Amino acid sequence: MSLPYHYVNVLTGTKACKVIEEAGELVNIMKKAQRSLFVFGPQALKLSLNDKPVINYGVAIARALNSATVATAHTKKMLLRLGVVPDSSYDLIEIINHLKDPNWQGVKKEGNHDLILFLGIRTDMANQGLSTLKHFAKHLKTLTLCKFVFPQASYSLPNLKDKKWAQILEELVQGLGGVVPEAVAEETGVEEVEAKVGFSVDIGPQYEGEAIRKEDFYIEFAGPKHKFKGELLTLRSEEEVEDEKIQIIGKDIKDFEEGSTNPLFIKIDVAGSQLEKDMEPVFERRIHMYCNYIEGFWHISQRDEIWLRIHKESFKKGLNSLEEVGRILIMLFKNELPIIDKIQVTFITQPEIVEKETLEARKVYKARDDRLKGITEEEVDEFYGCTLCQSFAPTHVCVITPERVALCGAINWFDGRAAYRIDPEGPQFAVKKGELIDKERFIYSGVNEIFQKKSLGTVTSVCLHSALESPHTSCGCFQAICFYIPEVDGFGVVTRDFPGETVVGVKFSTMAGEASGGRQKEGYVGMAVLYMRSPKFLKADGGLKRVVWMPKRVKEQIKDILEEQGLDDKIATEEDVKNVDELSEFLKKVKHPWATSE
């Protein structure tokens with residue numbers, strides 16, 4: 001009996017995979033498929049059989065079947081060297097999300113696939129993905145060609161020694177009438193690829209969602225301890241960008257003391273004949289995604305709210321320079337976004353320069369956000385959605401409207417539209433708003449449909465502008481949390497960089513644990529600070545006039561809108577009150593409009 005490589009999360013229900021050891025039986029299954037899809041994982045680069053990288057066997061099988069192909073992680077470069085142009089490049093989470101949709105038209109737009117072949121996917125990631133397809137994609141079958149049994153697959157090889165594994169793959173290629181391409185020394189061998197790339201840690205989407213606790217980080221950058229930090233991607237002319245240049249201004253990772261927290265600003269400049277200015281924030285948000293592809297490297301939030309950590313184990317492996325992080329980012333940007341012709345990366349850790357760059361970047365952020373002024377939800381037919389944070393929050397779907405910016409604050413309606421046009425199959429997508437089912441609570445049929453689909457049925461109804469009834473799900477990258485204070489029947493707002501306890505006696509981190517993960521938590525909703533400027537801000541619950549407490553720094557950020565509504569001196573901060581009893585007295589004293597029912 002073949003036992004699973006992992007003993008957790010492998011419950012198979014009433015039916016486990018069919019374990020097949022005979023190559024002939026596998027050949028028959030493959031030949032019956034009408035639209036097969038071969039998914040190449042990064043482990044196929046690392047392993048070799050008979051002096052050939054395992055990926056060579058996958059290429060032979062895909063060619064013999066005339067199968068569509070998907071490159072995940074950093075396999076695309078090797079596939080190109082072997083003469084295979086992948087039909088698509090996705091991370092594993094993205095391709096699983098597409099495959100479970102019965103209406104998806106496949107990587108060739110010819111209809112969804114009926115047989116999915118996996119080779120080189122990390123075992124724990126594969127088990128999770130296969131389980132998703134098993135339970136939510138009844139329209140397809142899955143077949144794994146790795147050396148371990150995968151209980152959640154439709155068909156799987158047993159646990160094998162390398163000699164037997166090589167024999168089965170050879171017989172499989174022969175049975176299909178294919179030929180295994182030779183590994184060309186000094187050009188296509190695994191050693192050459194790893195030497196050229198030269199990364200000290202592994203890279204791939206399997207590391208998304210990896211948390212690094214305080215006791216486990218070697219050093220951290222930015223975060224709530226630093227007022228100035230940020231990241232900015234800018235479109236430049238071809239002449240202004242020195243391709244693949246990496247610059248570090250200030251100390252490098254290895255120069256800092258272990259356990260320290262340090263300032264950081266990341267500047268990325270790109271150029272390309274097909275690039276447009278509207279693409280800047282879309283590409284900028286990919287910094288978050290690609291940083292989290294790095295083993296032992298943690299990145300959350302965006303813009304001037306970033307927070308990064310490096311694990312002690314990754315530092316020991318050699319991840320001791322921002323230069324390596326820059327090379328990884330350049331590789332991923334170019335592989336995943338081929339319309340970028342040139343790219344250069346600058347890391348700044350010198351405090352006075354970080355401050356200068358942050359202040360300049362904030363002007364850019366504001367200019368991007370100001371484009372939306374005057375556009376309402378009623379005027380458009382489509383909203384946009386984003387699932388970039390599903391690696392941290394599996395059931396989270398961010399719906400972005402002209403009057404509701406993404407929770408992270410980095411993607412507005414224009415950005416969502418640009419991202420969808422760049423990559424219609426990517427993590428940002430169009431959302432037909434559909435019928436306005438409830439005008440008072442802002443419930444749209446199209447929004448409900450997309451939540452039900454993308455959350456695997458976990459979330460079925462969402463009030464776009466409420467924190468109390470069927471609130472929008474919250475990820476983990478939100479800028480702020482709006483929380484209900486029952487003692488005064490009002491709302492408080494706290495941002496990630498607020499270090500102390502809120503008026504209800506808990507810190508942001510504790511509250512984030514309650515609100516995040518893609519759940520609907522009545523009384524809590526993650527949000528961007530900019531959302532408070534929207535005329536529809538929590539309109540179903542009373543809007544801005546129901547907010548009774550926020551940090552002084554946040555109050556200063558939206559001072560103009562508070563003054564416009566006569567609320568500037570009515571909302572308490574940490575300097576005014578320390579607990580809900582004091583808050584109640586403060587609201588009576590200043591005659592807050594919500595407390596006095598005005």
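Bear in mind the structure is a predicted one, so any value in this text is a computation, not a measurement.

Calculation rules
Residues numbered from 1 in each chain as written. Predicted model: local features only at pLDDT ≥ 70, side-chain atom pairs only at ≥ 80, totals over all residues. Heavy atoms only, no water. Pairing = 2+ DSSP bridges. Helix = DSSP H or I, 4+ residues; strand = E, 2+ residues; numbered from the N terminus. Axes fitted to C-alpha atoms, helices over the stretch in contact; angles between N-to-C directions. Contact = heavy atoms within 4.5 Å. Parallel < 35°, antiparallel > 145°, perpendicular 65-115°, else oblique. Nonpolar A, V, L, I, M, F, W, Y, C, P; charged D, E, K, R; others polar. 1 Å grid on protein atoms, 1.4 Å probe; cavity = no way out; pocket = protein on both sides within 12 Å on 5 of 7 lines; lining within 4 Å. Points joined across faces, edges and corners; volume = space filled by probe spheres on them. Disulfide = S-S within 2.5 Å.

Asks: Help me understand the sheet that holds strand β10 (residues 217-222), please; the structure alone is not making it clear to me.
Replies: Two pairing modes exist for strands in a sheet, parallel and antiparallel, and in both the strands are linked by backbone hydrogen bonds. Judged by pairing direction, the sheet is mixed, and its 4 strands sit side by side in the order β13-β10-β16-β15 without closing on themselves. In this open sheet, the two edge strands, each paired with only one partner strand, are β13 (261-262) and β15 (297-300).

Asks: Just checking my understanding: could you explain the pairing of strand β8 (residues 141-144) for this structure?
Replies: The side chains of a regular strand alternate, first on one face of the sheet and then on the other. With 4 bridges joining them, strand β7 (residues 115-119) and β8 adopt parallel strand pairing. Each bridged residue has a counterpart across the sheet, and for Leu115 the counterpart in β8 is Lys141. Bridge count for β8 against strand β9 (residues 155-156) is 2 bridges, and the pairing is parallel. Across the sheet, residue Leu143 finds its bridge partner in β9, namely Tyr155.

Asks: Help me understand the sheet that holds strand β26 (residues 547-549) in this model?
Replies: Taken in spatial order, the 4 strands of this open sheet run β25-β23-β24-β26, and their pairing is mixed. Single-partner strands in this sheet number two, and they are β25 (524-527) and β26. Mean inter-strand twist for the sheet, computed between neighbouring axes without regard to direction, equals 35°. Seen against the sheet, helix α15 (residues 508-515) touches β23 (480-485), β24 (490-495) and β25 and runs at an angle of roughly 85° to β23.

Asks: Any chance you could explain the packing of helix α9 (residues 280-291) against helix α13 (residues 413-422) here in plain terms?
Replies: Their axes nearest at 8 Å, the elements α9 and α13 cross at an angle of 80°. On the basis of their axis angle, the class for α9 and α13 is roughly perpendicular. Counted together, Pro281, Val282 and Phe283 of α9 and Asp415, Ala418, Ala419 and Ile422 of α13 form the full contact between these two elements. Within the contact of α9 with α13, the residues separate by chemical class into 6 nonpolar, no polar and 1 charged.

Asks: Before we go on, may I ask you to explain empty space enclosed by the protein in this structure?
Replies: Empty space among the atoms becomes visible once a probe the size of a water molecule is rolled across them. Overall, the coordinates contain 7 cavities of 30 Å³ or more when judged by the stated rule. Computed from the structure, the largest cavity encloses a volume of approximately 80 Å³. Residue lining of the largest cavity: Arg285, Cys386, Thr387, Leu388, Cys389, His396, Cys398, Ala406, Leu407, Cys408 and Cys475, and that is the complete set. Taken together, the residues of the lining of the largest cavity break down into 8 nonpolar, 2 polar and 1 charged.

Asks: Before we go on, may I ask you to explain the state of the cysteines in this structure?
Replies: Working definition of a disulfide: a covalent bond connecting the sulfur atoms of two cysteines. Using the criterion set out here, one finds 0 disulfides in the structure. Free of any disulfide, Cys146 has its nearest neighbouring cysteine sulfur in Cys17, separated by 13 Å.

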